[in-house]
Amino acid sequence: MKNFTYFNPVRVYFGKGTIARLKESIPAGARVMMTWGGGSIRQNGVYEQVASALKGHPVAEFGGIEPNPRFETLMRAVAAARSEKIDFLLSVGGGSVLDGTKFIAAAVPFPGPEPWDLLSKHTPVRAALPIGCVLTLPATGSEMNGTAVISREATREKLAFGSPLLFPRFSVLDPESTLSLPPRQTANGVVDAFVHVLEQYLTYPAAAPLQDRQAEAILLTLIECGPRLLASPDSYDERATLMWCATQALNGLIGCGVPQDWATHAIGHELTAAYGLDHAQTLAVVLPALLRHQKQQKGEKLLQYGERIWGISSGSEEQRMEEAIAQTEAFFRSLGVRTRLAEYDIPAEGVRGIGARIEARDGKIGERRDIGAEQIDAILQACTK
Ligand code: NZQ
Ligand code: ZN
């Protein structure tokens, strides 16, 4: 196991009725800006619950943060927050609203003229407004981490940044607020959480048996709960299970001291930037092709994954690895998430050049830093079949 520092300052309020805990969590006298998305919180009662918990606080609002939150939209919020002297941000919505809020938090006190530098030049975050979160969509893990992913319309970029200063001070996780999610977003959440675990688990052995077992626990729970949830979308218990799985999948714990991949995410972000696919849709397309391409490098963990998660114990090593990948792809498809670019009408020529763009920006990617332009293009070509 490698050395590591584990840091997670987020206070989590989990369960029914926990939105009321906002009352005691927002500092007295704070000038709060509540951020939200396209309006789902107005339809499912979350907005009213937040408004009632915040009675007595001066609250400004910034609505309209879109899925895959855009820099252009967020800069309008930054201007409003500066002019209204906001000193606390409350994100109410899914991962996009929260990621957008993290950007606003860092951009408001940003000293230079161009806050996009936080993403494009990795300029460190030196100050940030405090953030609170009411999460309505379990998927990203953003509620318990310090990362955000922001898109820029003008340049068709989708980039990530992060800082310990961007962890929410608290996150309210009330599974009841997720009962209104449509099947597509529910399935997206299962796939995103599943792939977050695999990006940290399916690499190479690192003498970290506890992290392996923790990761496997999340995978097995997602495999049980995903189909049940789609069959019984009104089940509070299944909603709660998914919500806690998604948080655990990307709060840093299972990644302690182990190699991490993140190539599927890097490639997926480019597909969202170019074609607007949902984040999880890109992952379901890229992951199976990436695993097939990296089979030898990931061999030991792929066999372990196949045996412990899918019960695959017979056949040659090659057959067992292929079976593990096929089961993963079938799981995504069973949730109604497509796994081939052709199913989104994206042709082979539509993804050429993505590899060169990623390598020019990030260098080679993957846990062994052996996935460059050529490999990415080969993976994407396999996704088109
Ligand atoms: O905008 P509203 O009207 O709220 O509707 C949203 C949106 O249309 C809707 N929704 C959210 N909660 C709902 C609901 N509809 C009904 N009932 C509810 N309770 O769902 C749609 C999608 O929301 P969005 O926030 O975009 O989804 P998600 O939470 O999956 O976030 C995706 C974004 O997070 C980034 C992705 O790249 C993408 O930009 N990620 C962030 C990460 C992080 N910060 O650590 C890691 C992830 O890998 C990911 O990259
Ligand atoms: Zn993700």
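A quick note: this is a predicted structure, and the numbers were derived from the prediction, not measured.

(A) Quick peek at the nonpolar core. In terms of nonpolar packing, the biggest core is built from 61 residues, with V191, F194, Y305 and L380 touching the most fellow members. Ignoring sequence-local partners within four residues, the contact set of V191 consists of A280, L283, A284, F332, L335 and V337. A60, L119, L166 and M243 belong to the second-largest nonpolar core, a separate cluster that totals 36 residues.

(B) Structural view of the site of ligand 1. If you check the shell around ligand 1, you find 32 residues, and the closest are G38, S40, G95, S96 and K158. Here T147 contributes a backbone N or O atom positioned 3.0 Å from a nitrogen atom of ligand 1. Within the side chain of S180, a nitrogen or oxygen atom sits 2.8 Å from a nitrogen atom of ligand 1. The set of elements that each furnish at least two residues to the shell around ligand 1 consists of α5 (95–107), β6 (147–152), α7 (183–201) and α10 (263–275). The class makeup of the residues in the shell around ligand 1 is eight nonpolar, 21 polar and three charged.

(C) Geometry of the packing of helix α14 (residues 354–362) against helix α15 (residues 373–384). Axis separation between α14 and α15 bottoms out at 7 Å; the angle between their running directions is 145°. The handedness of the crossing between α14 and α15 comes out as right-handed. Judged by residue contacts, I354, G355, A356, I358 and E359 of α14 engage A373, I376, D377 and L380 from α15. In the contact of α14 with α15, the residues fall into six nonpolar, one polar and two charged.

(D) How the structure looks around the coordination of the zinc ion (ligand 2). The protein atoms donating to the zinc ion (ligand 2) are D192 (OD), H196 (NE2), H265 (NE2) and H279 (NE2), with metal-donor distances spanning 2.0 to 2.1 Å. Positions of the donor residues of the zinc ion (ligand 2), expressed as sequence spacing, correspond to D-x3-H-x68-H-x13-H. With a gap of 83 residues between them, H196 in helix α7 and H279 in helix α11 (residues 279–293) connect regions that are remote in the sequence. In this pair, the class of H196 matches that of H279, namely buried.

(E) Spatial organisation of the side chain of K102. Position of K102 among the secondary structure elements: in helix α5. For K102, the contacting residues outside a window of four places in its chain are I131, S142, N145, G146, T147, A148, F161, L166 and P168.

(F) Summary view of the domain arrangement of the protein. Splitting the protein by domain gives domain 1 (11–178) and domain 2 (183–383). On a C-alpha basis, the centres of domain 1 and domain 2 stand 27 Å from each other. Between domain 1 and domain 2, the residue contacts involve 24 residues of the former and 22 residues of the latter. Viewed at the interface, domain 2 and domain 1 are joined by zero salt bridges. Inspection of the domain 1/domain 2 interface yields five residue pairs in polar contact (both at pLDDT 80 or more). Secondary structure elements with two or more residues in the side of domain 1 that touches domain 2: β1 (11–14) and β7 (157–162).

(G) View of the pattern of salt bridges. According to the stated counting rule, one finds 19 salt bridges in the structure shown. As a salt-bridge pair, E329 and R292 come within 3.3 Å of each other at their nearest N and O atoms. Placement of the pair is E329 in helix α13 (residues 317–334) and R292 in helix α11, with a sequence separation of 37 residues. Since its relative accessible area comes to 8%, E329 is described here as buried. Classification of R292 as partly exposed rests on a relative accessible area of 29%.

(H) Structural context of the pairing of strand β3 (residues 59–62). Of the two faces of β3, only one is covered, namely that formed by A60 and F62; the face formed by V59 and E61 stays uncovered. The pairing of strand β2 (residues 32–35) with β3 spans four bridges and is parallel. Counterpart to T35 in the pairing with β3 is F62.

(I) Fine view of the packing of α10 against α11. In the contact formed by α10 and α11, the axes pass within 8 Å of each other and the chain directions differ by 130°. As summarised for this structure, α10 and α11 are arranged oblique, according to the angle between their axes. By crossing handedness, the relation of α10 to α11 is classed as right-handed. Contact residues: α10 offers A263, T264, H265, I267, G268, H269, L271 and T272, while α11 offers H279, T282, L283, V286, L287 and L290.

Reading the values: rules and limits
Residues numbered from 1 in each chain as written. Chains lettered and ligands numbered in written order. Predicted model: local features only at pLDDT ≥ 70, side-chain atom pairs only at ≥ 80, totals over all residues. Heavy atoms only, no water. Core = buried A, V, L, I, M, F, W, Y, C linked by side-chain atoms within 4.5 Å. Buried < 20%, exposed > 50% of the residue type's maximum accessible area, 1.4 Å probe, protein only. Contact = heavy atoms within 4.5 Å. Near = heavy atom within 4 Å. Polar contact = N/O pair within 3.5 Å; in protein donor to acceptor, adjacent residues only side chain to side chain. Helix = DSSP H or I, 4+ residues; strand = E, 2+ residues; numbered from the N terminus. Nonpolar A, V, L, I, M, F, W, Y, C, P; charged D, E, K, R; others polar. Axes fitted to C-alpha atoms, helices over the stretch in contact; angles between N-to-C directions. Left-handed = near helix turned anticlockwise from the far one by under 90°. Donors = N, O, S within 2.8 Å, 3.2 Å for Na, K, Ca; no water. Domains from an automatic or database assignment. Salt bridge = Lys/Arg side-chain N within 4 Å of Asp/Glu carboxyl O. Pairing = 2+ DSSP bridges. Parallel < 35°, antiparallel > 145°, perpendicular 65-115°, else oblique.

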